[in-house]
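Spelled out, the chains give:
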Amino acid sequence: MFPQHVIALKRDGRELSPAEIEAFVRGATDGSWMDYQLSAMLMAIYLNGMTADEVAAYTEAMMNSGVVADLSDVPGIKVDKHSTGGVGDKVSLPLAAMVTACGVPVPMISGRGLGHSGGTLDKLESIPGFNVNLSLPDYAKQVAQVGCALIGQTKDLAPSDKKLYALRDVTATVECIPLICGSIMSKKLAEGIDALVLDVKFGRGAFMKEIEAARELASTMVGIGQAMGKGVRALLTAMDQPLGRAVGNAVEVVESVACLRGEGPADLMEVTYALGEEMLVLGGAADDIASARAKLEGVIADGSAAAKFGEIIAAQGGDAAVVDDPAGVLPAARQTVPLVAAKAGIVQDVDAMEVALAALRLGAGRAKAEDNVNPAVGITGLVKVGETVAEGQPLAVIHADDDESWAAAEVRLRECIKIGDTTVATPPLIAERIG
Ligand code: URA
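These numbers come from a predicted model, not from an experiment.

Q: Could you give an account of the site of the ligand, with specific residues and numbers?
A: In the vicinity of the ligand, the residues found are Tyr-165, Arg-168, Ile-180, Ser-183, Ile-184, Lys-187 and Phe-207. Note that an oxygen atom of the ligand is positioned 2.8 Å from one of the side-chain N or O atoms of Arg-168. Lys-187 is positioned such that a nitrogen or oxygen atom in its side chain is 2.6 Å from an oxygen atom of the ligand. Within the complex, the protein chains bury 82% of what would otherwise be the 240 Å² of accessible surface of the ligand. Residue assignment for the shell around the ligand shows that the elements contributing at least two residues are helix 8 (159-170) and helix 9 (177-189). At four residues, helix 9 tops the list of elements feeding residues into the shell around the ligand. Of the residues that constitute the shell around the ligand, the class distribution is four nonpolar, one polar and two charged.

Q: Give me the pairing of strand 5 (residues 231-238): which residues, what numbers.
A: Strand 5 sits mainly inside the fold: seven of its eight residues count as buried. Inspection of the sheet shows strand 5 paired to strand 13 (residues 430-434) by four bridges, in the antiparallel sense. Bridged to Thr-237 within strand 13 is Ile-430.

Q: Tell me what's going on with the nonpolar core, and back it up with residues and numbers.
A: Phe-24 and Ile-417 are the most contacted members of the largest nonpolar core, which has 148 residues in total. If you tally residues by element for this core, the top one is helix 12 (residues 266-282), at 10 residues. Apart from residues lying up to four places away in sequence, Phe-24 is in contact with Trp-33, Leu-38, Met-41, Leu-42, Ile-45, Tyr-58 and Leu-164.

Q: I'd like to hear about the side chain of Glu-252, residue by residue, with values.
A: As for its placement among the helices and strands, Glu-252 is situated in helix 11 (residues 250-260). According to the relative accessible area criterion, Glu-252 is buried, its value standing at 2%. A polar side-chain atom of Glu-252 sits 3.0 Å from a polar atom in the side chain of Lys-123. Sequence-distant contacts of Glu-252, that is, excluding residues within four places in its chain, are made with Gly-88, Asp-89, Lys-90, Lys-123, Ala-246 and Val-247.

Q: For the pattern of salt bridges, give the residues involved together with the corresponding values.
A: Tallied over the entire structure, the rule returns 32 salt bridges. Put simply, Asp-194 and Lys-78 hold a salt bridge, and the shortest N to O gap is 3.7 Å. In this pair, Asp-194 is assigned in the loop between helix 9 and strand 4 (195-202) and Lys-78 in the loop between helix 4 (52-63) and strand 1 (79-83), connecting sequence segments 116 residues apart. With its nearest N and O atoms 2.6 Å apart, the salt bridge here joins Glu-278 to Arg-433. Of this pair, Glu-278 sits in helix 12 while Arg-433 sits in strand 13; the two residues are 155 residues apart in sequence, bridging distant segments of the chain. What makes Arg-433 partly exposed here is its relative accessible area of 46%. In this structure, a network of salt bridges that share partners links the residues Lys-90, Lys-123, Glu-252 and Glu-255.

Q: Could you give an account of the packing of aromatic side chains, naming the residues involved and the relevant values?
A: Under the counting rule described, the total for this entry stands at two aromatic pairs. Residues Phe-24 and Trp-33 carry aromatic rings whose centres are separated by 5.5 Å and whose planes lie at 50° to one another, so their mutual orientation is tilted. What makes Phe-24 buried here is its relative accessible area of 1%. Taking relative accessible area as the criterion, Trp-33 reaches 5% and is therefore assigned buried. Arranged with centres 6.2 Å apart and planes meeting at 10°, the rings of Phe-24 and Tyr-58 form a pair that is stacked.

Q: Give a description of helix 10 (residues 211-227) that names residues and reports values.
A: Given a rise of 1.5 Å per residue, 17 residues ought to cover 24 Å, and the 24 Å separating the end C-alpha atoms of helix 10 matches this to within 8%. Buried residues along helix 10 sit against helix 4, helix 9, strand 4, strand 5 and strand 13. Phi turns positive, to about 80°, at Gly-229, one or two residues after helix 10.

Q: Any chance you could break down the packing of helix 5 (residues 92-101) against helix 13 (residues 289-301) for me, citing the residues and the numbers?
A: Running from amino to carboxyl end, helix 5 crosses helix 13 at an angle of 100°, the nearest separation of the two axes being 9 Å. Regarding the angle of helix 5 to helix 13, the classification is roughly perpendicular. Here Met-98, Val-99 and Ala-101 of helix 5 lie close against helix 13, whose contacting residues are Leu-296, Val-299 and Ile-300.

Q: Give me the lowdown on unusual backbone geometry, citing residues and values where you can.
A: Across residues other than glycine, the phi torsion is negative in most instances, and most of the peptide bonds are trans. Look at Ala-158: it is not a glycine, yet its phi comes out positive at around 40°. As for its position among the elements, Ala-158 is in the loop between strand 3 (148-152) and helix 8. Looking at Ala-158, the relative accessible area reads 3%, which means it is buried. You will see that Ala-172, though not glycine, has its phi angle at about 55°, which is positive. By secondary structure assignment, the location of Ala-172 is in the loop between helix 8 and helix 9.

Q: I'd love a proper account of the domain arrangement of the protein, names of residues and values included.
A: The domain boundaries assigned to the protein delineate domain 1 (3-49), domain 2 (79-326) and domain 3 (332-420). Using C-alpha coordinates to define each centre, domain 1 is positioned 31 Å away from domain 2. Residue-level contacts link 12 residues of domain 1 with 13 residues of domain 2. Buried area between domain 1 and domain 2, summed over both chains or domains, comes out near 1,100 Å², and the portion from carbon and sulfur atoms is 79%. Ranking the residues of domain 1 by area buried against domain 2 places Ala-28, Leu-42 and Tyr-46 at the top, with a combined share of 46%. Put simply, domain 1 and domain 2 have one salt bridge between them. Among the salt bridges present, the one from Lys-163 reaches Asp-35, with a minimum N-O distance of 2.8 Å.

Criteria and cut-off values
Residues numbered from 1 in each chain as written. Predicted model: local features only at pLDDT ≥ 70, side-chain atom pairs only at ≥ 80, totals over all residues. Heavy atoms only, no water. Near = heavy atom within 4 Å. Polar contact = N/O pair within 3.5 Å; in protein donor to acceptor, adjacent residues only side chain to side chain. Areas by Shrake-Rupley, 256 points an atom, 1.4 Å probe, with all protein chains shown as cover. Helix = DSSP H or I, 4+ residues; strand = E, 2+ residues; numbered from the N terminus. Nonpolar A, V, L, I, M, F, W, Y, C, P; charged D, E, K, R; others polar. Buried < 20%, exposed > 50% of the residue type's maximum accessible area, 1.4 Å probe, protein only. Pairing = 2+ DSSP bridges. Core = buried A, V, L, I, M, F, W, Y, C linked by side-chain atoms within 4.5 Å. Contact = heavy atoms within 4.5 Å. Salt bridge = Lys/Arg side-chain N within 4 Å of Asp/Glu carboxyl O. Phe/Tyr/Trp six-rings, centres within 6.5 Å; stacked < 30°, edge-to-face > 60°. Expected span 1.5 Å × (residues − 1). Axes fitted to C-alpha atoms, helices over the stretch in contact; angles between N-to-C directions. Parallel < 35°, antiparallel > 145°, perpendicular 65-115°, else oblique. Domains from an automatic or database assignment. Buried area = accessible area lost by both parts, 1.4 Å probe.

Following this line, the structure appears as structure tokens:
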């Protein structure tokens, strides 16, 4: 099968057979297709789209381009959660512990932050000693023993995605729903899961700015997962202002621990509970959303969710004392300076993207994949839209390691936190459920 023949079919708007799609994905994995042929094919897909059958074949071929983790020794329905990424989105940390404490195994392979979007691995690595680089056999062993492992992508999982994503990045073909679905779902399905809950975010701080695009992405991913015999559900959640009150790495671990004690900010608790409810139902630990909620509240109230988080951290070499004494264990920035309100009023807006860029400027995120993040810096105590503030009251606290980055973050934050006189109605955080 010549690459140019397969590319021509897609160029002309024809539906590709599973064998043709497999040839393309194999070409990306073994190098038998040149970069210019792969790029031409990606652009043809970008311009002409893919049918549901093509997306399913593409996802399956990508998943099978590497190892598919074998968790068959782990009893129970294994359920993971994937978020399309946002600002202050630390949900994976408390959620994994809560759901595992309810008896559902959670194998979770996460990513790093890039650009405005934070990454679970960076947050976990702010816990001294925490090792996200487990081999797949060690990952499977830990899921069997502890019920959960929180690791990074290994080179064996869906290697075709690494190649194709790098080409998409430089050929203006990232924003393509079939390609995004194949990329995300192939990696998730290679984890060895039985079911998956997707948190598809929309809004200024999300990958998808409009709810319509988020809905299309969610429906396509749910369809692929179901076609491959997995239980998949998606929630569409708003990402116009940051989730919770902390943005950074160590500062988000602190907020995650508060969440595990039931003391997290209301919006973070709401999204964490909503995703957890879906996971427990899919995982067979609850018959319905209401009983799932009761179970999740139970593991917070009796301390078993927090204890499970400590167990996961210890299993991965981290300092589990973070659960009882986060401030004593986590790295701290050199200076913490409150940003105070210049006037009294009601918070009209906190632009998630601007807050993310302020955190990036502090060093909490990475502009390029090869950059390092500073675990200690970030923003805490962020006000939420609709809250009333007095003159001189802190709107946020900036954790910085130097004056220059602090000043740059301060300017951005001051501009993006808008105070006015009118009452603001915030739209529902969880907009829709799909699947
Ligand atoms: N995240 C991924 O893993 N892949 C995409 O294509 C987009 C976002």
